[in-house]
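# Structural overview
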Amino acid sequence: MASSLSYVEFVMEQLGGAGVITCRRMFGEYGLYCDGKYFACVCGDRLLVKITPAGKALLPDCPRGVPYEGGGEMLLPDAEDRETLTELARVTCAALPEKKPRKKAAKKE
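## Some words on empty space enclosed by the protein
If you walk through the whole model with that rule in mind, you get one cavity of 30 Å³ or more. Every residue lining the largest cavity is listed: Leu15, Phe39, Ala40, Leu47, Val49, Leu85, Leu88 and Ala89. Per-element tally for the lining of the largest cavity: the top contributor is helix 3 (residues 82–95), with three residues.

Set out below in structure tokens:
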């Protein structure tokens, strides 16, 4: 079941205090980015956040789920709790590696 854009926009608004939140359509669902770093997705109108040690420490009892069949396990935080959600996004993104710069294509001569 594809996610509704209105739910994605709600989640992005809830996460707004963590940084610049953007989304990108991915396989009929949405990937979420904070300051350019992929950290979560919205699938089936559910917010799923990458699991990091910092995220597990912040929300040790947070339920988990998979975004799609064959996908890896992710945290399923309460999207209504803006304060906790913002902090989860901050600590998760801080724990994720920096985005690697793209290699420039070699010029053909």
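## Topic: the pattern of salt bridges
Enumeration according to the criterion identifies three salt bridges in this entry. With a shortest N-O distance of 3.4 Å, Glu73 and Arg64 are connected by a salt bridge. The class for Glu73 is partly exposed, based on a relative accessible area of 48%. One salt bridge in this structure joins Glu87 and Arg90, with 3.7 Å as the shortest N-O distance. Here the residue Glu87 and the residue Arg90 both occupy positions in helix 3, the gap between them amounting to three residues, near one helical turn. Assessed through its relative accessible area of 32%, Glu87 is described here as partly exposed.

## Side note on helix 1 (residues 5–15)
All of the buried residues along helix 1 are Val8, Val11, Met12, Gln14 and Leu15. For helix 1, the buried positions fall inside an angular range of 160° around the axis, keeping them on one side. In helix 1, the exposed positions angled more than 90 degrees off the buried face are occupied by Ser6 and Glu13. Contact partners of the buried residues in helix 1: strand 1 (21–26), strand 2 (29–34), strand 3 (37–43), strand 4 (46–49) and helix 3.

## Concerning the nonpolar core
Core analysis: the biggest nonpolar cluster contains 23 residues, and Val11, Leu15, Leu32, Phe39, Val42, Leu47 and Val49 have the highest contact counts within it. Sorting the residues of this core by element identifies helix 1, strand 2, strand 3, strand 4 and helix 3 as the ones contributing at least two each.

## Digging into the side chain of Glu29
When you line up the elements, Glu29 lands in strand 2. Here Glu29 occupies a buried position and makes no salt bridge, while the nearest side chain of opposite charge, Arg25, is found at 6.7 Å. Side-chain polar atoms of Glu29 contact the backbone nitrogen of Gly44, separated by 3.3 Å.

## Quick notes on the packing of helix 1 against helix 3
Between helix 1 and helix 3, the least distance of the axes is 8 Å, while the angle of their chain directions is 80°. Judged on the interaxial angle alone, helix 3 and helix 1 are roughly perpendicular. Contact residues: helix 1 offers Glu13, Gln14 and Leu15, while helix 3 offers Arg82, Leu85, Thr86 and Ala89. Classifying every residue of the contact of helix 1 with helix 3 by side-chain character gives three nonpolar, two polar and two charged.

Rules of the game
- Residues numbered from 1 in each chain as written.
- Predicted model: local features only at pLDDT ≥ 70, side-chain atom pairs only at ≥ 80, totals over all residues.
- Heavy atoms only, no water.
- 1 Å grid on protein atoms, 1.4 Å probe; cavity = no way out; pocket = protein on both sides within 12 Å on 5 of 7 lines; lining within 4 Å.
- Points joined across faces, edges and corners; volume = space filled by probe spheres on them.
- Helix = DSSP H or I, 4+ residues; strand = E, 2+ residues; numbered from the N terminus.
- Salt bridge = Lys/Arg side-chain N within 4 Å of Asp/Glu carboxyl O.
- Buried < 20%, exposed > 50% of the residue type's maximum accessible area, 1.4 Å probe, protein only.
- Arc of directions from axis to C-beta.
- Contact = heavy atoms within 4.5 Å.
- Core = buried A, V, L, I, M, F, W, Y, C linked by side-chain atoms within 4.5 Å.
- Lys, Arg positive; Asp, Glu negative; His and termini not counted.
- Polar contact = N/O pair within 3.5 Å; in protein donor to acceptor, adjacent residues only side chain to side chain.
- Axes fitted to C-alpha atoms, helices over the stretch in contact; angles between N-to-C directions.
- Parallel < 35°, antiparallel > 145°, perpendicular 65-115°, else oblique.
- Nonpolar A, V, L, I, M, F, W, Y, C, P; charged D, E, K, R; others polar.

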